[in-house]
Amino acid sequence: MKRVVQLKSKVARSLLWLCILPGMICSQNNNVIMVVNGDSISSQEFLRVYNKNIELVKDDSQKELDNYLQLFTDYQLKLQEAKRLKINKDKSYLRDFENYKRQLIQSYLSETKVTEALVQEAYERMKWDVKAVHILVRLDENERDTIAAYDKVLSYRKRLANEDFDDLKNELHNGTTVFAEDLGYFSAFKMVYSFENVAFETSVDEVSMPFRTRFGYHVLKVIDKRPSRGTMTAAHIMVANEQKDSTIIPEKRINMLYSKLQNGESFESLAKQFSDDKGSAKKGGELRPFKSGELSSSVFEDTVYALEKDEDYSKPFQTRFGWHIVKRIKLESLGSFKDLEASLINRVKRDSRSKIINESLVEDLRQRYSIYENPEAKKMFSTIFNNSFFQNKWTLPKDFPVQDTLFTINERAYLFSDFGTYLMGQQRIYYNKETDFNVVYDKSYTAFFEVSILKFREENLENENPEFAAVLKEYRDGLLLFDLMEREVWNKAAQDSTGLMEYYEEHKLKYQWKPRVEVIIASSADKKELKGIDKHLLNKNSLDQLKAYLMDKGSDVIITSDLYEIDAPVLPEDLRIRKNEVSIYDHNESYHLIKVLDVLPAGPKTFEEIKGEVTSDYQNQIEEDWMDGLKERFPVWINQEALDKLKLK
């Protein structure tokens, strides 16, 4: 009876939508491709999402428009459920969305021509490393009386040009008012932009004229300039400092592996078989490409960059992670500008260069928007300004004209009260630093105007920029779906231990081990050494004795023992799978004496062995059942005529 009522309800809703929708579609000039629970989705929106995401769809059958429409419909149903559950009102969701929105806005708020010039300059500078020393006389950023500091730095300039830097450092550096520092080698983005400019514009062995940054006045001397070290692709074999097997001594094992390399064994094969860095071992030890300064170990970096040519490998060396042998695979110079442009744009916007971009953008917005600035504002603020400002006690007087306009942007008024509040907040910056009123006002007004016009741009960006609006909508919906799936599917599967176990029991035949073998493997490049091993020692109880014997003998034979599925890459394809079988195999460009200790037939995996996969499958089952419920809850209407038109495109 309950099922009959549900069917009647569903039919009634469908008939209602069939009555309403034709008029709606007609009135919108057939632009709507579907309506989900009363919300219309245009053909353009569907096509935009389809074109953007189609390459991410792994199943080729789902790339067909009809099949993709089903994915899109499911997506819209989930959005409706998220709204029904008011996830879009959740404080955590709103906080995460606003954080992303602020980050996204930054990529759309830029002055293109200035940004392009700064990016190109940064790229050219990244081709070089500069080695420099400098002397800094600290000076407050707002200080206008700079003659004394300038003269002091100017005197240091003469000494830096003629005296030994270490002697100057010992004499002048006090860590508070004067700093004398050896900066080593650096490239673009490593220093504040104004400092970087002087460093790159000063010749080797030359001393710059005094220049100012936000820290004070500097002079610098360029010691050397060298081409960038480039991008390195390398491979390594690592023996970790911490070993489960107490008989393995990392330094001795790495030296044994080094001997194998010198005897002609393959670096890649040894890495696959013996390296403790499992992430790179399966690729023959190969690491992702890196640049100078990107690794956490300078010892590792210096060692690999010291290798003279591709395919050279180092002697064993130690880092805090373990013992290594590193091989140089390829050294490339700086990538092309086209390849690096996107990442450089992001770095420029995060760097002190961003101030130049902001200044240019503000000027551009001044030209784009209608701006009015009150010419009497500065005069009025000068009448209420006093020294209490520098004691953080200044307040606005009672008769302060709070409603007077300071400036307008596209007819939006920013009032005296807005700037007055901003000025009150600036007091802490000037605390006990008495400064001329004109300096305080001009600097504060400029900053307030910049903040205001950029904020105005941010608040109107979704209306002004269709691309930004589309990207923001995608994230807004994606975040909703993530929170929804976490609540309705993922957490339920993880927390429902009873249901999870029941699912495992019902589907146990799906989770099967292949046949497995427990083996002991003795590996060497010299087949004769393997033939000399006492096969009676190839058992669990005698492994320590065998390893000690080989170590005392100075043998390069390496012993491993584990349980493997029969097609594991560590095992040879022609392995004879019989209990107590002992044979020598040629595999991975080396010889391996293998004893089969035990053979385990194919069979079900225990719940603990396969818990992660079972949880994932259980989540999929929960989601399927849940989606059936959403299809019952929310009516969906597809405009077949609009869909057919899209197919023609």
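The preceding data block contains the structure.
Note that this is a predicted model, so its numbers are computed, not measured.

### A short note on the sheet that holds strand β15 (residues 516-524)
Taken in spatial order, the four strands line up as β16-β15-β18-β17 in an open sheet, and their pairing is antiparallel. Here the strands that pair on one side only, and so sit at the sheet edges, are β16 (558-565) and β17 (582-587). Taking the axes of each pair of neighbouring strands and ignoring which way they run, one obtains an average angle of 30 degrees across the sheet. Both β15 and strand β18 (residues 590-600) contribute to a ladder of nine bridges, which runs antiparallel. Paired with Arg 516 across the strands is Leu 600, a residue of β18. The strands that helix α21 (residues 543-553) touches are β15 and β16; relative to β16, the one it contacts most, it runs at about 145 degrees.

### Here's the deal with the packing of helix α2 (residues 43-53) against helix α3 (residues 65-84)
Viewed as axis vectors pointing N to C, α2 and α3 meet at an angle of 100 degrees, and their least axial separation amounts to 11 Å. The pairing of α2 with α3 is recorded here as roughly perpendicular in orientation. Here Phe 46, Val 49, Tyr 50 and Asn 53 of α2 come into contact with α3, specifically with Leu 65, Tyr 68, Leu 69 and Phe 72. Of the residues assigned to the contact of α2 with α3, the class counts are seven nonpolar, one polar and no charged.

### Describing a nonpolar patch on the surface
On the surface, a cluster of nonpolar side chains totalling about 190 Å² of accessible area is made up of Ile 566, Ile 577 and Val 599. Mapped onto the elements of the fold, Ile 577 is located in the loop between β16 and β17.

### Here we look at the packing of α3 against helix α23 (residues 640-648)
It is at 11 Å that the axes of α3 and α23 come closest, and there the two elements cross at 125 degrees. With respect to their mutual orientation, α3 and α23 come out oblique. Crossing handedness for the pair α3 and α23: right-handed. Judged by residue contacts, Leu 65, Asp 66 and Leu 69 of α3 engage Leu 643, Leu 646 and Lys 647 from α23. Residues of the contact of α3 with α23, tallied by class, amount to four nonpolar, no polar and two charged.

### Thoughts on the sheet that holds strand β5 (residues 211-213)
Read from one edge of the open sheet, four strands run β4-β3-β6-β5, paired in antiparallel fashion. Both outer strands of the open sheet, β4 (178-186) and β5, are each paired with one neighbouring strand and no more. Averaged over all pairs of adjacent strands, the angle between their axes in this sheet comes to 35 degrees, without regard to strand direction. Judged from the 11 bridges that link them, strand β3 (residues 128-138) and strand β6 (residues 216-227) form a sheet pairing that is antiparallel. Across the sheet, the residue bridging to Lys 131 is Asp 224, located in β6. Sheet strands touched by helix α8 (residues 193-201): β3, β4, β5 and β6. Its angle to β6, the strand with the most contacts, is close to 50 degrees.

### Remarks on the side chain of Thr 233
With respect to the helices and strands, the residue Thr 233 is situated in strand β7 (residues 231-240). Those residues in contact with Thr 233 that lie beyond four places of it in its chain are Glu 286, Leu 287, Pro 289, Arg 328, Ile 329 and Lys 330.

### Description of the side chain of Arg 516
Here Arg 516 shows up in strand β15. With near-sequence residues (within four places) excluded, Arg 516 lies in contact with Leu 563, Tyr 564, Glu 565, Ile 566, Asp 598, Val 599, Leu 600 and Glu 609.

### Some thoughts on helix α10 (residues 267-274)
Most of α10 sits out of view: six of its eight residues are buried. Of all the residues in α10, the buried ones are Phe 267, Ser 269, Leu 270, Ala 271, Gln 273 and Phe 274. Two or three places before Glu 268, at the opening of α10, Ser 266 has a side-chain oxygen 3.3 Å from that residue's backbone nitrogen.

### Some remarks on the packing of aromatic side chains
If you walk through the whole model with that rule in mind, you get 42 aromatic pairs. Taking the centre distance of 3.6 Å and the plane angle of 15 degrees together, the rings of Tyr 100 and Tyr 475 count as stacked. Of the two residues, Tyr 100 is situated in helix α4 (residues 91-108) and Tyr 475 in helix α18 (residues 466-495); the sequence distance between them amounts to 375 residues. Residue classification places Tyr 475 among the partly exposed residues on the basis of a relative accessible area of 26%. Geometrically, the ring pair formed by Phe 482 and Trp 490 is edge-to-face, given 5.3 Å between the ring centres and 65 degrees between the ring planes. Overall, the relative accessible area of 43% leaves Phe 482 in the partly exposed class. Judged by its relative accessible area of 30%, Trp 490 falls in the partly exposed class. Cation over ring: Arg 353 sits above Phe 189, and NZ or CZ is 4.6 Å from the ring centre.

### Considerations on the environment of Ala 281
Here Ala 281 is to be found in helix α11 (residues 278-281). Owing to a relative accessible area of 4%, Ala 281 belongs among the buried residues under this scheme. Note: C-alpha distance between Ala 281 and Pro 227 (54 residues apart in sequence) is 32 Å.

Reading the values: rules and limits
Residues numbered from 1 in each chain as written. Predicted model: local features only at pLDDT ≥ 70, side-chain atom pairs only at ≥ 80, totals over all residues. Heavy atoms only, no water. Pairing = 2+ DSSP bridges. Helix = DSSP H or I, 4+ residues; strand = E, 2+ residues; numbered from the N terminus. Axes fitted to C-alpha atoms, helices over the stretch in contact; angles between N-to-C directions. Contact = heavy atoms within 4.5 Å. Parallel < 35°, antiparallel > 145°, perpendicular 65-115°, else oblique. Nonpolar A, V, L, I, M, F, W, Y, C, P; charged D, E, K, R; others polar. Patch = residues over 30% accessible without salt bridge, like charges linked within 9 Å, V, L, I, M, F, W, Y side chains within 5 Å. Areas by Shrake-Rupley, 256 points an atom, 1.4 Å probe, with all protein chains shown as cover. Salt bridge = Lys/Arg side-chain N within 4 Å of Asp/Glu carboxyl O. Left-handed = near helix turned anticlockwise from the far one by under 90°. Buried < 20%, exposed > 50% of the residue type's maximum accessible area, 1.4 Å probe, protein only. Polar contact = N/O pair within 3.5 Å; in protein donor to acceptor, adjacent residues only side chain to side chain. Phe/Tyr/Trp six-rings, centres within 6.5 Å; stacked < 30°, edge-to-face > 60°. Lys NZ or Arg CZ within 6 Å of the ring centre and 35° of its normal.

Without other data, these values stay purely geometric and don't point to any function.
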